[in-house]
Amino acid sequence: MLRFDFVWESKLKSCIHQAALFGAAVLGLAACGASETSTPEIPAPAVQPILYNVLVQGTNIGVTEVTKTETGYSVFYEFRNNGRGPTINETITIDENGIPTAWQADGATTFGNEISERFSLSDGQATWTDSTGSGSASVSEPSLYFAQNGTPYALAVIARALLADNDQTMPALPGGELRLTEMDILNVANADGETSEITAYALSGTSYNPSYFLMRGQEFFGTVSPGFAILPPGYEEEDTRLRGLAAEYGARRFEDIQARTVRDYGAPIRVQNVRIFSPQTESVSDPVSVRVNGRLIGSIDAIDTTNPDEVLIDGAGGVLVPGLFEMHAHLGQQSALLNLAAGVTTVRDTGNNNDVLTDLIEQFDSGRLAGPEVFRSGFIEGKSPFNSNNGILVETEEEAVAAVDAYADQGVFHQIKIYNSMNPDWVPAMVERARERGMRVTGHVPAFTNANAMIEAGYDEMTHINQVMLGWVLEQGEDTRTLLRLTALRRLPALDLMADNVTETLDAMVERGVAIDPTFAIHEALLLSRNGTLSPGAVDIVDHLPVSAQRQARTAWAAIETEADDIAYRGAFEKLTTMLSMMRERGIFMVPGTDLGGSFTYHRELELYQTIGMSPAEILAWASQGMANYLEAGNRLGSIEPGKEADFFLVAEDPTIDLKAIKAISMVVADGKVYFPSEIHPEFGIKPFADAPSVTLPD
């Protein structure tokens with residue numbers, strides 16, 4: 001509907017524009033001083049924009065509109081998924097060599113932060129302003145500006161410039177470099193059966209991973225990722241195939257990284273001179289050595305124990321910590337390997353493109369790709385103008401209950417997750433069926449209801465702390481399917497946490513044993529990030545990150561337009577933190593998850609729980625053995641003991657003294673393989689945090 005409305009609006013504007021021009025020529029002659037016998041001058045027709053559909057799992061959610069101008073391109077880009085999305089108007093000016101000399105973008109990001117980006121290049125001097133501030137550089141060779149908030153069409157502009165370059169590599173502004181790699185030559189067909197030859201490219205150099213996009217000669221054809229695509233109208237039937245190819249390109253990349261960085265020694269491993277963190281005692285042992293036989297811990301021995309068949313890894317007196325659990329993931333290829341490198345060896349996926357995730361897990365299981373163990377949630381969403389396009393969409397209570405059965409029948413989903421647009425009247429029947437099928441229930445609070453109603457309906461767990469707290473500040477009828485579920489947090493500073501309605505909710509959670517998945521770190525990012533200021537969650541890591549991530553770390557999420565907004569959002573985070581402290585005091589069980597991809601943000605998630613009174617040792621025990629028990633996997637995961645799976649990571653300092661020690665991981669062991677983050681991180685443009693330990697192979 002969005003694309004149709006926009007295209008219709010665009011056509012209407014074009015008609016009005018042309019009518020105005022023709023009206024001036026035909027009806028306004030006298031006013032223009034022309035004689036009645038003059039022949040009116042007919043202007044050239046307006047340049048018609050080229051349209052592209054924005055697709056998620058084949059569903060049309062937006063539009064990209066590109067208009068060629070005398071000096072470059074004018075682009076409009078907008079989509080709405082899950083009640084939110086960006087709106088960008090972009091103008092690009094290029095020189096005779098195809099190098100952008102001016103770039104302008106205006107609009108709003110997915111969460112509403114204003115976009116007002118400018119770039120200019122003149123006489124060898126480049127200047128730019130984005131949400132992080134202003135910068136400049138002297139340019140002595142052809143260089144390409146990489147916009148912080150450019151539209152997807154920017155890929156085509158950059159590609160044309162790189163295709164004309166000898167090695168298809170150029171310096172990037174503000175930093176890094178841009179590299180173009182040809183991936184494939186493909187044939188595609190539209191709905192009329194017309195075929196075209198297109199080329200798939202990868203653009204890399206400033207971000208964690210390449211962007212995959214398509215060109216038809218010099219013409220932009222679209223972009224593809226495993227779950228998202230932009231394609232010309234009429235090519236919707238190619239969506240699934242092209243997204244599958246994007247997944248394959250990514251798989252080849254990660255397969256190559258894995259071949260070069262992941263160690264499968266095929267022999268027992270002895271990690272010498274290490275101390276072990278015990279979740280049971282929340283303490284660190286004296287120095288020992290640990291033998292690993294394949295996927296299992298064989299024994300814990302004296303520090304000087306060795307055997308001639310072993311690979312010896314020098315722990316150098318460091319600490320082994322059990323693998324951690326990211327409990328709010330939406331897993332993808334990139335986050336899989338980065339989570340492993342961060343010691344996050346298990347994730348609970350809380351909603352995804354089911355086919356994409358199934359394929360990814362199959363590649364983990366086959367050994368083609370490295371990734372964490374995955375516990376899956378069956379995502380169920382009600383169909384509405386604001387719905388998310390993950391999982392299964394339903395329009396009736398019968399379909400909602402059938403969706404529960406569909407997930408249960410597959411035998412790989414341990415719970416269902418209910419989302420924003422679900423009719424709350426259907427939830428009790430869904431919970432009842434989930435109980436019958438042996439599945440847990442978690443989710444958002446659907447629009448037009450509150451946490452109390454979902455607790456009464458039988459939720460086992462509430463997702464996101466804001467979903468609980470909004471019920472105390474929203475007016476009846478307000479629609480949380482929109483960004484209101486985030487922006488209404490500005491009302492929290494005025495909330496009395498001792499009020500009866502607050503106590504009623506907490507009492508219900510305690511009485512029924514309902515857990516909370518707060519996603520603490522994402523609320524910090526939403527409420528405390530500011531344009532031009534380093535986000536508090538990135539202070540310790542920003543210098544290690546690639547350019548695009550560094551820019552993002554200095555960018556606000558929400559629209560902070562006034563001093564009052566700034567005060568309100570900061571106050572909201574304080575109130576949210578106080579509420580989590582109150583929940584902890586009441587004994588309400590919490591689970592640590594980020595909704596931010598995990599890895600570095602998971603480390604920050606854990607750090608934040610210190611602000612509600614948890615000690616580093618308590619946090620580590622909770623995030624390892626505690627979550628293993630919660631997922632009913634505590635007999636094999638969660639601690640470093642003989643007979644359990646070898647699932648741990650090595651840090652130099654004692655994280656029970658300073659939790660920040662878990663950011664400098666030198667080695668991870670999982671699923672019978674050894675990972676050295678210092679080898680993995682550079683593949684993503686990340687400066688390593690710790691050196692790999694010394695390894696001695698058996699004779």
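Source: prediction; values computed, not measured. (Residues numbered from 1 in each chain as written. Predicted model: local features only at pLDDT ≥ 70, side-chain atom pairs only at ≥ 80, totals over all residues. Heavy atoms only, no water.)

A. Region of interest: the environment of Thr656. Positionally, Thr656 belongs in the loop between β31 (648-651) and β32 (665-670). Sequence-wise, Thr656 and Ala488 are 168 residues apart; in three dimensions their C-alpha atoms are separated by 37 Å. Apart from residues no more than four positions distant in its own chain, Thr656 is found in contact with Phe277, Val284, Pro616, Ala617 and Leu620. In this structure the side chain of Thr656 is engaged in a polar contact, spanning 2.6 Å, whose partner is the side chain of Asp654. (Helix = DSSP H or I, 4+ residues; strand = E, 2+ residues; numbered from the N terminus. Contact = heavy atoms within 4.5 Å. Polar contact = N/O pair within 3.5 Å; in protein donor to acceptor, adjacent residues only side chain to side chain.)

B. Structural detail: the layout of surface pockets. Estimates place the volume of the largest pocket at around 540 Å³. Along the walls of the largest pocket sit 29 residues, with Phe364, Asp365, Pro372, Glu373 and Val374 positioned nearest its centre. Of all the elements in the fold, those that place two or more residues in the lining of the largest pocket are β24 (344-349), α5 (354-366), β25 (373-382), β27 (413-418) and β33 (673-675). For the lining of the largest pocket, the element with the most residues is α5, which contributes five residues. In the lining of the largest pocket, the residues fall into 14 nonpolar, six polar and nine charged. (1 Å grid on protein atoms, 1.4 Å probe; cavity = no way out; pocket = protein on both sides within 12 Å on 5 of 7 lines; lining within 4 Å. Points joined across faces, edges and corners; volume = space filled by probe spheres on them. Nonpolar A, V, L, I, M, F, W, Y, C, P; charged D, E, K, R; others polar.)

C. Spotlight on the confidence of the model for the protein chain. Here the protein chain shows a mean pLDDT of 92. Residues at 70 or above account for 93%. Confidence over residues 1-40 falls short of pLDDT 50; this stretch has 28 contacts with residues more than four positions distant or in other chains. (pLDDT = per-residue confidence, 0-100.)

D. Structural detail: helix α4 (residues 333-341). Burial runs high along α4: eight of the nine residues are buried. Regarding α4, the residues found buried are Gln333, Ser335, Ala336, Leu337, Leu338, Asn339, Leu340 and Ala341. Against α3 (239-261), β24, α5, β32, β33 and α17 (677-680) lie the buried residues of α4. Just downstream of α4 lies Gly343, where phi reads positive at about 80°. (Buried < 20%, exposed > 50% of the residue type's maximum accessible area, 1.4 Å probe, protein only.)

E. Representation of the environment of Ile99. If you trace the backbone, Ile99 turns up in the loop between β4 (87-94) and β5 (100-108). Owing to a relative accessible area of 8%, Ile99 belongs among the buried residues under this scheme. For the pair Ile99 and Arg160, spaced 61 residues apart in sequence, the C-alpha separation works out to 8.8 Å. When neighbours within four sequence positions are excluded, Ile99 is seen to be in contact with Thr93, Ile94, Leu121, Ser143, Leu144, Ala161 and Met170.

F. Geometry of the side chain of Ser204. Positionally, Ser204 belongs in strand β12 (residues 195-204). In this structure Ser204 touches Glu177, Leu178, Arg179 and Pro210, once residues within four positions along its chain are discounted.

G. Up close: a negative patch on the surface. There is a patch of like negative charges on the surface, built from Glu395, Glu397, Glu398, Glu399 and Asp425. Residue placement: Glu395 occurs in the loop between β26 (392-394) and α6 (397-410). (Patch = residues over 30% accessible without salt bridge, like charges linked within 9 Å, V, L, I, M, F, W, Y side chains within 5 Å. Areas by Shrake-Rupley, 256 points an atom, 1.4 Å probe, with all protein chains shown as cover. Salt bridge = Lys/Arg side-chain N within 4 Å of Asp/Glu carboxyl O. Lys, Arg positive; Asp, Glu negative; His and termini not counted. Charge placed at Lys NZ, Arg CZ, Asp CG, Glu CD.)

H. The packing of helix α11 (residues 500-512) against helix α14 (residues 563-585), seen in detail. Viewed as axis vectors pointing N to C, α11 and α14 meet at an angle of 40°, and their least axial separation amounts to 11 Å. Judged by the inter-axis angle, α11 sits oblique to α14. Our pair here, α11 against α14, has a crossing hand that is right-handed. The residues of α14 that touch α11, namely those facing Val502, Leu506 and Met509, are Met579, Met582 and Met583. In terms of residue class, the contact of α11 with α14 is made up of six nonpolar, no polar and no charged. (Axes fitted to C-alpha atoms, helices over the stretch in contact; angles between N-to-C directions. Parallel < 35°, antiparallel > 145°, perpendicular 65-115°, else oblique. Left-handed = near helix turned anticlockwise from the far one by under 90°.)

I. Region of interest: the pairing of β12. A large share of β12 lies buried, amounting to eight of its 10 residues. The pairing of strand β11 (residues 177-189) with β12 spans 10 bridges and is classified as antiparallel. Pairing of Ile185 across the sheet is with Thr199, part of β12. In this structure, the hairpin formed by β11 and β12 is closed by a connection of five residues, where Gly193 is found at a positive phi of approximately 85°. As consecutive antiparallel partners, β12 and strand β13 (residues 211-216) are separated by six residues, and within that stretch Gly205 has a phi angle of approximately 125°, a positive value. (Pairing = 2+ DSSP bridges.)

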